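Architecture and fold: a report
Here is what each chain is made of, one letter per residue.
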There are 2 protein chains.
Amino acid sequence: MKFRRSERLVDMTNFLLEHPGQLVSLTFFSERYSSAKSSISEDLSIIKETFETRGIGSLHTVPGAAGGVRYVVGIPREEAFSFIDEMCGIIASPERLLPGGYLYMTDILGQPQIVNKVGRIIAAAFSEKKVDVIMTMATKGIPLAYAVANYLNVPVVIVRRDNKVTEGSTVSINYVSGSSKRIQTMVLSKRSLAEGSNVLIVDDFMKAGGTINGMVSLLEEFNASVAGISVLVESERSEERLVDNYLSLITLSGVDEKDKKINVSRGNYFFKTSLK
Amino acid sequence: MKFRRSERLVDMTNFLLEHPGQLVSLTFFSERYSSAKSSISEDLSIIKETFETRGIGSLHTVPGAAGGVRYVVGIPREEAFSFIDEMCGIIASPERLLPGGYLYMTDILGQPQIVNKVGRIIAAAFSEKKVDVIMTMATKGIPLAYAVANYLNVPVVIVRRDNKVTEGSTVSINYVSGSSKRIQTMVLSKRSLAEGSNVLIVDDFMKAGGTINGMVSLLEEFNASVAGISVLVESERSEERLVDNYLSLITLSGVDEKDKKINVSRGNYFFKTSLK
């Protein structure tokens, strides 16, 4: 059965969006639609142009017999900026203030549309880097980690605070929490991370950076390297930060419990233009 | 700027896929592309036909001034069946056997492509039911819950075993774990679930069903109701199960630690045809 161009465009768009970062050969599409490779090439030029005009991402073409196309996720800078500014407004709402100066963000991280957008922004920022795996710490970072992993088409490994029988044998390290200065443990299943992996660390919140620093130490145990570090919210503190090269979307610069005021501003994403 | 049909088809496909379950008006598309509503209607017929032929899902049309189209996720039955059969093969691999008869599944649940496919199958099964929220238990159920939530475009609430300051005030219940018969606690942030919500419970694994039963009791505390229960793997046991109306993709019928044999078969998804 032959497909018309219009049907091919709809199905190819769906297929490419469902397989980000993956090289798809012209032959695959040509067989899928019983269409000539020349027609497929024309389809792909239309998709490429639309993806780029509408800020959906880009299509990278790899020439040659083993070649094909690869969809690389993107987001227009202005869309990312206005989304982050909107998020700042949402986070600054006084009802979010919890005893002890903590912020309630559970509802925000429970919205797939928000989580996906954050994931898209982070994935787009690291789309040109070599990332094999996303790492996060249970529990709150998990949704963001999967959203990023989805767009980069790589697996997720989850570091835990406790040892569970279903993880098999594990590697554990002790680290000092940056803000409470307490000694804590983190555990990662031995089978879950291959040696030499390039790991992008993703988390929802960073205070002094003790947890993220712990994940970096854990990576050393696996002979893996840090491809990047990204957080949704960083809390600005006068003390020295344990982690220095990271991407943050939002900065929490202060919480005034008495006046119920939360000071939120743009993260370093706005200044790290070279990452895009 | 006017858009050609081919460009509209690519961008509309992306837009609909990114907004499942959401009613989008013809006016919205007509303004987005500076095109007549009659052209948009034709575009949508092409997309609808392709989505249905290729098993991507369906487009529901709501007529009238407040009307529009809604993308409802789907999956061809044969694709779901062959995917689940493939998963059964992966899970039955002897290296997955851990001491105590537990199974290592962390790597499987770390693959976004697998998690999304499971999420798609579960979402499609419940796409005709009224679901306001997805509920799961930390930690392992989280990725699946978000995958389902993504396709149904609803938020996720995460039940925890411990009370965290960042959750604000919480409601907690005690329940008896079905397999270990121990009394355990589960906690849910008070603000996270609105009264009267229709909740779809999603988890990775169900043994006797104590945890899921606990979540059902927790829903009562919030005057919320169960829209459905779905698990990736159910463990078949001779004892009476605490939960009876659920959807499972895979059944683990027995683990022989001595002979390193794992018996895995199709879940009740294959027989619950009415759900589709």
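Everything that follows concerns the structure shown earlier in this document.
First, a word on what this report is: a plain description of the structure on this page.

Cut-offs used in this document
Residues numbered from 1 in each chain as written. Chains lettered and ligands numbered in written order. Predicted model: local features only at pLDDT ≥ 70, side-chain atom pairs only at ≥ 80, totals over all residues. Heavy atoms only, no water. Helix = DSSP H or I, 4+ residues; strand = E, 2+ residues; numbered from the N terminus. Buried < 20%, exposed > 50% of the residue type's maximum accessible area, 1.4 Å probe, protein only. Areas by Shrake-Rupley, 256 points an atom, 1.4 Å probe, with all protein chains shown as cover. 1 Å grid on protein atoms, 1.4 Å probe; cavity = no way out; pocket = protein on both sides within 12 Å on 5 of 7 lines; lining within 4 Å. Points joined across faces, edges and corners; volume = space filled by probe spheres on them. Nonpolar A, V, L, I, M, F, W, Y, C, P; charged D, E, K, R; others polar. Contact = heavy atoms within 4.5 Å. Pairing = 2+ DSSP bridges. Salt bridge = Lys/Arg side-chain N within 4 Å of Asp/Glu carboxyl O.

Let us look at the overall build of chain A. For chain A, the helix and strand inventory stands at 8 helices and 13 strands. Considered along the principal axes of its C-alpha atoms, chain A spans approximately 65 × 45 × 30 Å. Of all 276 residues assigned to chain A, the portion counted as buried reaches 56%. Counting only carbon and sulfur atoms, one obtains 49% of the accessible surface of chain A, whose full area is about 11700 Å².

Now for empty space enclosed by the protein. Applying the stated rule across the entire model yields 2 cavities of 30 Å³ or more. Roughly 130 Å³ of volume is contained in the largest cavity. In terms of lining residues, the largest cavity is bounded by Thr106, Leu109, Gly110, Thr139, Lys140 and Pro143 of chain A together with Tyr146, Val156, Val157, Ile158, Arg160 and Glu167 of chain B. When residues of the lining of the largest cavity are traced back to their parent elements, those giving at least two are helix H5 (106-109) of chain A together with strand S7 (156-159) of chain B. Of all the elements, S7 of chain B adds the most residues to the lining of the largest cavity, at 3 residues. Split into classes, the residues belonging to the lining of the largest cavity amount to 6 nonpolar, 3 polar and 3 charged. The volume enclosed by the second largest cavity comes to roughly 100 Å³. Lining the second largest cavity are 14 residues, and of these Tyr146 and Asn150 of chain A together with Tyr146, Ala147 and Asn150 of chain B sit closest to its centre. Among the secondary structure elements, those contributing two or more residues to the lining of the second largest cavity are helix H6 (112-125) and helix H7 (142-152) of chain A together with helix H6 (112-125) and helix H7 (142-152) of chain B. By residue class, the composition of the lining of the second largest cavity is 10 nonpolar, 4 polar and no charged.

Here we take up the environment of Ser30 of chain B. All names here are of chain B. Here Ser30 shows up in helix H2 (residues 26-32). Linking Ser30 and Ser41, residues 11 residues apart in sequence, is a C-alpha distance of 9.4 Å. For Ser30, the residues in contact, after removing those within four places along its chain, are Ser35, Lys37 and Ile40.

A separate point is H7 of chain B. Residue and element names in this part refer to chain B. Taken across its 11 residues, H7 has 10 buried, putting it largely inside the fold. Restricting attention to buried positions, one finds in H7 the residues Ile142, Pro143, Leu144, Ala145, Tyr146, Ala147, Val148, Ala149, Tyr151 and Leu152. Phi turns positive, to about 55°, at Asn153, one or two residues after H7.

Now for the sheet that holds strand S3 (residues 68-73) of chain B. Residues and elements named next belong to chain B. Taken together, the 3 strands give an open sheet; going across it, the order is S1-S3-S2, and neighbouring strands pair in antiparallel fashion. With partners counted over all chains shown, the strands left at the sheet margins are strand S1 (23-24) and strand S2 (57-62), one partner each. With 6 bridges joining them, S2 and S3 adopt antiparallel strand pairing. By the bridge assignment for S3, His60 is matched with Arg70.

Okay, unusual backbone geometry next. With omega at 10°, the peptide bond leading from Ala138 of chain A into Thr139 of chain A counts as cis. The backbone of Asn153 of chain A sits at a positive phi, close to 55°, despite the residue not being glycine. In this fold, Asn153 of chain A is placed in the loop between H7 and strand S7 (156-159). Residue Asn153 of chain A is classed as partly exposed on the basis of its relative accessible area, which comes to 22%. Even without glycine at this site, Lys260 of chain B takes up a positive phi of about 50°. Topologically, Lys260 of chain B is positioned in the loop between strand S12 (247-256) and strand S13 (261-266).

Here we come to the pattern of salt bridges. Applying the stated rule across the entire model yields 30 salt bridges over all chains. Between Asp132 of chain A and Lys130 of chain A there is a salt bridge, with the nearest N and O atoms lying 2.9 Å from each other. On the basis of relative accessibility, which here comes to 25%, the residue Asp132 of chain A falls in the partly exposed class. Across the pair Arg8 of chain B and Asp43 of chain B runs a salt bridge, and its minimum N-O distance is 2.5 Å. One end of the pair, Arg8 of chain B, is in helix H1 (residues 5-18); the other, Asp43 of chain B, is in helix H3 (residues 37-53), with 35 residues separating them in the sequence. Neither Arg8 of chain B nor Asp43 of chain B differs from the other in exposure class; each is buried. Residues joined by salt bridges that share partners form a network here, namely Arg5, Arg8, Glu42 and Asp43 of chain A.

These figures come from the coordinates and say nothing about function on their own.
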